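Descriptive analysis of the structure
Here are the chains, one letter per residue:
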Amino acid sequence: MATGSMGSMSLHPDIMELRAKHEKYELAAMEPAPQAVTGLMFLTGLYIAISAWVVGFTRFPALTVNNLIVGIALAVLALGFASMYGRIHGIGWTAPLIGVWMIVAPWVISGDVAHTATIWSNVVAGVVVLLLGLGSMALSMRRPGARNRLP
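The paragraphs below set out a description of the structure included in this document. Every value quoted in this text rests on a predicted model; they were computed, and no experiment measured them.

1. Remarks on the packing of helix H6 (residues 94-108) against helix H7 (residues 116-141)
At a closest axis distance of 7 Å, the pairing of H6 and H7 adopts a crossing angle of 165°. With respect to H7, the element H6 is oriented roughly antiparallel. Between H6 and H7 lies a crossing of left-handed hand. When H6 is examined against H7, the residues Ala95, Pro96, Ile98, Gly99, Val100, Met102, Ile103, Ala105, Pro106 and Trp107 are found in contact with a partner set consisting of Thr118, Ile119, Asn122, Val123, Gly126, Val127, Val129, Leu130, Gly133, Leu134 and Met137. Of the residues belonging to the contact of H6 with H7, the class tally is 16 nonpolar, 5 polar and no charged.

Structure follows, in structure tokens:
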């Protein structure tokens with residue numbers, strides 16, 4: 001098949017538009033504020049993953065496993081934001097939900113796990129994740145090329 005007569009696919013208008021759109025996302029992700037939010041979200045995810053051992057509530061296996069899984073998921077989400085923001089920004093709404101889950105987890109997880117240490121650890125980490133997630137969403141809405149908002 002002769003490629004010279006058909007031209008290059010990379011010059012197709014749709015391809016060029018998609019490339020320009022993703023470049024805007026990547027440029028927005030290089031700003032200091034999104035980098036700080038992403039870095040703090042990653043560190044919070046790591047804390048949540050190891051919180052049962054740091055705070056000392058490993059005697060509650062259900063909450064320990066929950067925090068380990070949720071913390072790893074949050075850290076992976078933050079790594080996704082940091083490495084391929086243009087492709088993963090659409091699931092940014094999950095971070096605030098993770099924060100809300102962390103806040104309510106000590107009362108929802110089966111067993112008697114709602115003790116002072118578990119409540120403080122999960123609620124503080126959950127509030128931090130909720131705020132970082134909302135901040136990340138706000139930053140993604142103010143990026144260049146974002147949808148027009150009402151005044």
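Additional details are given in the paragraphs that follow.
2. Remarks on helix H3 (residues 32-56)
For H3, built from 25 residues, the straight-helix expectation of 36 Å at 1.5 Å per residue is met to within 8% by its first-to-last C-alpha distance of 35 Å. Within H3, the full set of buried residues consists of Pro34, Val37, Thr38, Met41, Thr44, Gly45, Ile48, Ala49, Ser51 and Ala52.

3. Structural notes on the environment of Leu134
In this structure, Leu134 sits in helix H7. When the C-alpha atoms of Leu134 and Thr94 are compared, they prove to be 9.9 Å apart, with 40 residues separating the residues in sequence.

4. Some remarks on a nonpolar patch on the surface
Together, Ile50, Trp53, Val54, Val55, Leu68, Ile72 and Val76 give the surface a local cluster of nonpolar side chains, amounting to about 630 Å² of exposed area. Those elements that place two or more of their residues in the nonpolar patch are H3 and helix H4 (61-83). Tracing the sequence through the fold places Ile72 in helix H4. With a relative accessible area of 46%, Ile72 lands in the partly exposed category.

Cut-offs used in this document
Residues numbered from 1 in each chain as written. Predicted model: local features only at pLDDT ≥ 70, side-chain atom pairs only at ≥ 80, totals over all residues. Heavy atoms only, no water. Axes fitted to C-alpha atoms, helices over the stretch in contact; angles between N-to-C directions. Helix = DSSP H or I, 4+ residues; strand = E, 2+ residues; numbered from the N terminus. Parallel < 35°, antiparallel > 145°, perpendicular 65-115°, else oblique. Left-handed = near helix turned anticlockwise from the far one by under 90°. Contact = heavy atoms within 4.5 Å. Nonpolar A, V, L, I, M, F, W, Y, C, P; charged D, E, K, R; others polar. Expected span 1.5 Å × (residues − 1). Buried < 20%, exposed > 50% of the residue type's maximum accessible area, 1.4 Å probe, protein only. Patch = residues over 30% accessible without salt bridge, like charges linked within 9 Å, V, L, I, M, F, W, Y side chains within 5 Å. Areas by Shrake-Rupley, 256 points an atom, 1.4 Å probe, with all protein chains shown as cover. Salt bridge = Lys/Arg side-chain N within 4 Å of Asp/Glu carboxyl O.

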